[in-house]
Amino acid sequence: MIYGASEDPIADLVAGRFPDASGRFGPFGGRYVPETLIPALERLQQGVREHLHTAAFQQELGQELSSWVGRPTALTFAGRLSERWGAGIWLKREDLAHTGAHKINNAIGQALLARRLGAKRVVAETGAGQHGVASAAACARLGLPCTVYMGAVDMERQAPNVGRMRLLGATVVSVTSGDATLRAAIDEAMRDWVGDPERTYYLLGSAVGAHPYPYLVRELQSVIGREARAQIRLQAGGPPDLVIACVGGGSNAIGLFHPFVADRAVALVGIEAGGRGAGLGDNAAPLSFGRPGVLHGSYSMLMQDADGQIQETHSVSAGLDYPGVGPEHALLQACGRVQYQAAGDAESLAAVRECCECEGILPAIESAHALAGARRWAQAHPGKRVLIGLSGRGDKDMQTLTRELLAKPPAGAA
Ligand SMILES: *Cc1c(COP(=O)(O)O)cnc(C)c1O
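Here goes a summary of the coordinates provided. (Residues numbered from 1 in each chain as written. Predicted model: local features only at pLDDT ≥ 70, side-chain atom pairs only at ≥ 80, totals over all residues. Heavy atoms only, no water.)

Our focus in this paragraph is the overall build of the protein. Within the protein, the regular secondary structure consists of 17 helices and 14 strands. Radius of gyration (C-alpha) of the protein: 20 Å, near the 22 Å computed for a compact globule of 414 residues. In terms of principal-axis extent, the alpha carbons of the protein reach across some 55 × 50 × 50 Å. Across the 414 residues of the protein, 60% fall into the buried class. The long-range share in the protein, meaning contacts at least 24 apart out of those at least 6 apart in sequence, stands at 73%. (Helix = DSSP H or I, 4+ residues; strand = E, 2+ residues; numbered from the N terminus. Rg over C-alpha atoms; globule rule 2.2 N^0.38 Å. Buried < 20%, exposed > 50% of the residue type's maximum accessible area, 1.4 Å probe, protein only. Contact = heavy atoms within 4.5 Å.)

What follows is the structure, given as structure tokens:
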């Protein structure tokens with residue numbers, strides 16, 4: 001059986017038996033890293049075990065989340081989208097969180113952990129720059145020096161975020177090796193960390209990488225699902241029929257899904273970046289179109305060719321443009337608890353426009369992938385309750401939105 005010894009992987013996830021002692025979610029996850037990284041990961045795992053769930057740490061984290069991040073974020077009933085789509089639509093508003101997306105929940109949590117572990121500096125990687133900005137802000141808040149590795153190609157594409165990181169006091173290091181984008185930046189951040197794991201903390205930005213990162217990031221992002229679960233019960237009088245979120249590395253989705261996994265009556269759907277289509281290199285949807293393999297220390301689904309070479313990916317949304325996905329999602333797909341689908345560039349851009357015009361909310365293009373998936377599901381399941389993770393705001397996407405939407409005539413949403 002593909003779940004190893006597990007009879008019921010959902011029960012194992014809910015009871016906390018996954019990740020297991022070797023950091024696996026069934027067959028996925030683990031630690032596929034060079035020997036030199038093992039002591040640093042062991043130290044981190046020890047720190048997570050000692051601090052993360054203590055009352056003192058949770059109180060400190062709760063204080064930062066409420067007074068600095070702005071939690072709880074609102075749950076908004078989307079009345080006009082509900083009318084158009086024929087279902088009840090609620091939006092979990094991570095766009096209202098400090099720095100504009102859910103990434104800050106993870107960044108401040110890990111920065112607090114770094115301080116507890118006695119780290120003197122933090123390193124982070126960033127692709128589009130959003131995780132770099134969140135990390136720079138969290139480190140400034142706690143007085144920790146922060147170095148952000150960023151591909152040279154990305155630095156040019158995302159210049160405003162480079163400026164934001166620098167204003168927030170971070171040192172941004174340009175990475176010219178490899179593909180000079182996110183993959184190379186992760187490699188460089190890891191190299192820096194291994195050089196001095198006692199003084200340095202590596203703040204990873206999504207629910208990916210070697211154990212314990214996928215678990216740590218999921219625990220820190222689960223605040224999204226816990227809040228939303230209580231909020232929708234109050235507002236709608238019952239649980240949602242569907243919970244849906246976009247999936248890049250998978251952190252906002254796993255944070256929203258996790259508190260619902262045990263409720264088997266609640267359907268869970270993750271939406272990947274379908275890009276231009278199903279061809280290799282045309283999308284960033286490893287759960288929909290990829291195969292299992294190892295990337296950045298973890299066994300999961302990923303985009304690779306017949307020789308196991310990692311494939312270039314494409315998405316109009318920079319935050320979803322990554323060839324891998326967190327191992328917990330791979331397990332949730334394999335056991336059938338979560339369905340994963342792809343939404344394409346055009347469909348997602350149309351959803352940006354629709355959300356703006358109907359609700360007065362400019363969503364991130366990443367988040368609009370979840371809107372596009374929800375629209376399809378709602379039209380096939382009239383009258384149901386749909387909870388959508390709105391992972392971030394679209395202000396950062398204005399350059400793309402100007403080119404793709406404002407410079408072209410409206411596509412005429414059906
Ligand atoms: C980074 C980002 C994502 C994708 O990351 P996940 O780890 O999959 O959540 C999604 N939405 C927004 C707004 C982002 O900034």
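Now for the site of the ligand. Around the ligand, a shell composed of 18 residues is seen, among which Lys103, Ser206, Gly248, Ser251 and Ser391 lie nearest. Residue Ser206 places a side-chain N or O atom 2.6 Å away from an oxygen atom belonging to the ligand. Look at the ligand: alone it shows 380 Å² of surface, and the protein chains cover 97% of it. Here the shell around the ligand is built from residues that sort into 5 nonpolar, 11 polar and 2 charged. Here the shell around the ligand spans two domains, and each of domain 1 (22-66 + 103-217) and domain 2 (70-100 + 222-406) adds at least three residues to it. (Near = heavy atom within 4 Å. Polar contact = N/O pair within 3.5 Å; in protein donor to acceptor, adjacent residues only side chain to side chain. Areas by Shrake-Rupley, 256 points an atom, 1.4 Å probe, with all protein chains shown as cover. Nonpolar A, V, L, I, M, F, W, Y, C, P; charged D, E, K, R; others polar. Domains from an automatic or database assignment.)

When the charged atoms of two side chains with opposite charge come close together, those side chains can pair. The full count for this structure, using the stated rule, is 27 salt bridges. Notably, a salt bridge pairs Arg229 with Asp263, separated by 2.4 Å at the nearest N-O pair. Note that Arg229 is positioned in helix H11 (residues 223-236) and Asp263 in the loop between helix H12 (251-257) and strand S10 (267-275), a separation of 34 residues in sequence. On the basis of relative accessible area, Arg229 is assigned to the partly exposed category, the value being 24%. The partner of Glu366 in a salt bridge is Lys396, with the nearest N and O atoms 2.8 Å apart. Residue Glu366 is found in helix H16 (residues 365-380), and its partner Lys396 is found in the loop between strand S14 (385-390) and helix H17 (398-406); the two are separated by 30 residues along the sequence. Its relative accessible area of 28% is what places Lys396 among the partly exposed residues. Through salt bridges with shared partners, a single ionic network connects Arg71, Lys92, Glu94 and Glu227. (Salt bridge = Lys/Arg side-chain N within 4 Å of Asp/Glu carboxyl O.)

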